[in-house]
Amino acid sequence: MEAPLDGIRVVEWSMYATGPLCGVMLRDLGAEVIRIEDPSRGGDPTRNMRYVAGITDCQMPGDRNAFFEVMNWGKRSVTFNLKHPQGREMAVRLIEKADVFTLNIRPPVVRKLGLDYESLRERNPRLIYATASAYGEEGPQGDRSGNDFTGQARSGLMFGAGSDDHPPLYHLGGFPDMTGATLLAHSVISALYARERSGEGQKVEMSNLSAAMWIQYWAVSNQLLLDIPWPRQDRQHAKQPMFNHYLCADDEWIAMATVKDEKWPSFATLVERPELVDDARFKTVEDRKENSAALVSILEEQFASKPRADWEIILGSDESLEWQRVQRLPDLQNDPQVEANEYLINMEHPVWGTVRAQNYPIKFSESELRSREAAPDLGEHNFEVLTEELGCSSDEVAELMSSGAVG
Amino acid sequence: MAKPLLDGVKVVEWSIYVMGPLAGVMLRDLGADVIKIEDPSTGGETLRGLRYTNGTVDAQMPGGRNASFEISNWGKRSVGLNLKSPEGLELAMQLIEKADVFLTNFREPVVERIGLDYEAVRKRNPQIIYAGSSAFGPEGPLAGRPGNDYTGQARSGMMWGPGKDEDPPLYHTGAPCDIGGSTLLSHGITTALYARERTGKGQMIDVSNLGAGMWFQYWAVGINSLVGQSWPRMDRRKPGNALWNHYPCGDGQWLALANLLPENWPAFCRVMGLDHLMEDERFVDIDARRRNAEELVELLDAHFMTRPRADWEEILLRDPSLAFERVQRVEDLAHDEQVLANDYITEIDHPVYGKTRVQNFPMTFEKNPLAERQPAPDFGEHTFEILSEELGLSPEQISEYMGAGVAG
């Protein structure tokens, strides 16, 4: 078996999450990924970002950073000073030999440094040039910077969770950035497929904003057709009581997740409140909608009467009912389902020993994934890349280093 | 004229609700021909008749149509085949024989019972890309169990993402696990098509709703896997970094500040007219600001309340190093000039609804146009066309099948 992107060479000029995670995905799929970092600023800002959003301490042993690590597994790092003519020339020579160039740098900076698509395609007509901007390259904010938070804010995502009395809520998982990375990887592979058929490279483009809108496709697209204000979902007044989450006696939550109205009688019976089936307040879908507050409070009381494990056994007896325990992120580490499907894996890290990592999310029956390796130190592969890839002599490398073209 | 990227690629889709169908939409946006198999005994896919999903939004549209079905099935062709009849299954297999991709999100036990599992399908078409999707993955104690976006959000830790400590877990109405799953399916299928160009081999791919829920929190899951701490929620009254937080302005509108770097602090104080805070020892460096974030948020809350949002936007724009953004609602997007300038929302002529705004495919390709959005098919709209043109059946054979309930 071989990996789908065996032999594909990617040059990455990216920071933070969207561009770098796309690089991780392409490398998981077998590509060779070389990232260009700015020597004057100590490389990617996340190398030294101890508290992201001030919350989680990302400091790891060996003066390494968890944020940087998870976004850069197994890449090679070179520090080319793109403001230096020779540094830029080294980058262009690398891109000339590459199949893919990915970047999430602001368009005006890209143009100023001459790494825009028009300049590069002359040097490499087969190049896939994949760019992620904050807001899309057109429009009044085409040149502005942004990130996961601006994507969440602009796209409506922050009003997606919580009830009407909540302020807008920031989602800590990084949906826009992670979606952006996934879409960027998707666009790269789509363009590689097109190149197999046409022989030509091309530019592909997406943005943090398009990604943030995409991951809420259900809300955004339904709203466009229905043309109504999009409601938040208040669990206290859940209009479909079988699509709501409840607190159990042991303070654990369980989510009922069925949208099939016809399940109501069997559900009510299963949770040991068969009298509700004949209760005039809850007879029809419309009745249950109308009296949702009353029904939710009855069900709250009912679920609070037993620990979650008991409810799981009870609900598990009906194979057609959808429900699930509400876990916290750290619970994933001990989740047998996650383990069995290898969504999290152990990897050997040269500095930390055995650590846990999130695996590539798609299983292929006939294609291999590349095994995860440590993120590179800053400029770790300067010498190797300059000599082996670009054919520089040791003297030339030394000259590039001393002139400041390479850091 | 350049062709769409997946021009000539044939997809047979047997899926319901969102995760499978939206993957089909993505492939069709890229140019594939997507044939959707629906069950004639139930009048087609469940979503066609699902008026209230989570009970809040009524998806009913003019002409007896359904908005949720529409957005999950743009431009596909619908063929009604009763897969429980041997003849119906055989017709499905003949379609699959001529296809590049088979896409399903039915549960494995159902797929096996019907006889459309990977082993059976690849016997008929060894080059097929078989895309399966499940709620919890093909292995483990929950394999084969039913689930959906909600179960994905619950199991993956996502519901503890937004909100503050005293809040209950919160459900996200955008359906990120389903949509994320669709996106991974489309990505995985494209990857397998590319691999097939190079190796000549078809294969099976698998994506789950749970795996997608985890993937789209990769930042959080990845870091939590390494640092091993309990994972905090982010309370806007007590953020770790007051410049990565959102504030209500004088007109009741919200503004998000999205700045991560220490050097953003003096720049922010200067444009906001808060120079005195730069000298304040409670906020002297990023660690101090982290310790005293609660006080800082109170100060900034009061400050932002003194002007409407538009004023603050103008003020913050003066320093290009600062990232900020208005906090919009989903319904604001249709009027957002940035969204419209980039064609993230476009307009189509719909035969039933007239001029209709639709959300576009989220990426653009220089050399490959996207396929034009077309309405979702009526149930069985293309049964005759597909059985005659694709499978070469005579009108008599087709009406016989229709009469026998094999096709519909």
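Computed from a predicted model, the values in this text were never measured in an experiment.

## Concerning the domain arrangement of chain B
How big an interface is tends to be stated in terms of the accessible area lost upon association of its parts. Assigned domains within chain B: domain 1 (10-216 + 365-403) and domain 2 (244-327). Computed from C-alpha atoms alone, the centre-to-centre distance between domain 1 of chain B and domain 2 of chain B is 46 Å.

## A few points about the packing of helix H1 (residues 18-28) of chain A against helix H7 (residues 175-198) of chain A
When two helices pack together, their arrangement is given by the angle between the helix axes and the distance between those axes. Residues and elements named next belong to chain A. Between H1 and H7, whose axes approach to 8 Å, the crossing angle comes to 50°. One way to sum up the angle between H1 and H7 is to call them oblique. Judged by the twist between their axes, the crossing of H1 over H7 is right-handed. Together, Thr 18, Leu 21, Cys 22, Met 25 and Leu 26 of H1 and Asp 177, Met 178, Gly 180, Ala 181, Leu 184, Ala 185 and Val 188 of H7 make up the contact between the two elements. Broken down by class, the residue content of the contact of H1 with H7 amounts to 9 nonpolar, 2 polar and 1 charged.

## Quick notes on the environment of B:Pro21
You can see B:Pro21 is positioned in helix H1 (residues 19-29). Linking B:Pro21 and B:Asn54, residues 33 residues apart in sequence, is a C-alpha distance of 19 Å.

## Considerations on the nonpolar core
Ranked by internal contacts, the top residues of the largest apolar core, which has 242 residues, are A:Leu26, A:Val188, B:Val11 and B:Phe102. Considering every element that reaches this core, the biggest residue donor is H7(A), with 12 residues. Look past the residues within four positions of B:Val11 in its chain and what remains in contact with it is B:Gly24, B:Leu27, B:Ala32, B:Asp33, B:Val34, B:Ile35, B:Ala99, B:Asp100, B:Val101 and B:Leu103.

## Let's talk about unusual backbone geometry
All names here are of chain A. Look at Asp 63: it is not a glycine, yet its phi comes out positive at around 60°. The topology assignment puts Asp 63 in the loop between strand E5 (59-60) and strand E6 (64-65). A positive phi angle, near 70°, is found at Asp 251, a position not held by glycine. Its location among the elements puts Asp 251 in the loop between strand E11 (243-247) and strand E12 (253-257). Residue classification places Asp 251 among the exposed positions, given that 9 C-beta atoms sit within 10 Å.

## A few points about the pairing of strand E13 (residues 354-359) of chain B
All names here are of chain B. Of the pairings in the sheet, the one linking strand E12 (residues 345-350) to E13 comprises 6 bridges and is antiparallel in character. Bridging from a neighbouring strand, Thr 346 pairs with Val 358 of E13. The turn joining E12 and E13, which pair antiparallel and follow one another in sequence, is formed by 3 residues.

## Quick notes on the interface of chain A and chain B
On the chain B side, the residues contacting the 133 residues of chain A number 131 residues. A total of 16 residues in the side of chain A that touches chain B trace back to one element, the largest contributor, which is H7(A). Split by residue class, the side of chain A that touches chain B holds 74 nonpolar, 39 polar and 20 charged.

## Describing the pairing of strand E2 (residues 32-37) of chain A
All names here are of chain A. The element E2 is extensively covered by neighbouring structure, given that 6 of its 6 residues are classed as buried. Taking every second residue as pointing to the same face, both faces of E2 are buried, with Glu 32, Ile 34 and Ile 36 on one and Val 33, Arg 35 and Glu 37 on the other. With 4 bridges connecting them, strand E1 (residues 9-13) and E2 associate as parallel partners. Following the sheet pairing, Glu 12 is matched in E2 by Arg 35. A crossover links E1 with its parallel partner E2, the connecting element being H1, and its sense is right-handed. Note that E2 and strand E7 (residues 76-79) share 4 bridges and pair parallel. Opposite Glu 37, over in E7, you have Thr 79 as the bridge partner.

About the criteria used
Residues numbered from 1 in each chain as written. Chains lettered and ligands numbered in written order. Predicted model: local features only at pLDDT ≥ 70, side-chain atom pairs only at ≥ 80, totals over all residues. Domains from an automatic or database assignment. Axes fitted to C-alpha atoms, helices over the stretch in contact; angles between N-to-C directions. Helix = DSSP H or I, 4+ residues; strand = E, 2+ residues; numbered from the N terminus. Parallel < 35°, antiparallel > 145°, perpendicular 65-115°, else oblique. Left-handed = near helix turned anticlockwise from the far one by under 90°. Contact = placed C-beta atoms within 7 Å. Nonpolar A, V, L, I, M, F, W, Y, C, P; charged D, E, K, R; others polar. Core = buried A, V, L, I, M, F, W, Y, C linked by C-beta atoms within 7 Å. Buried ≥ 20, exposed ≤ 12 C-beta atoms within 10 Å, placed from the backbone. Pairing = 2+ DSSP bridges. Right-handed = clockwise from strand over helix to strand, strands pointing away.

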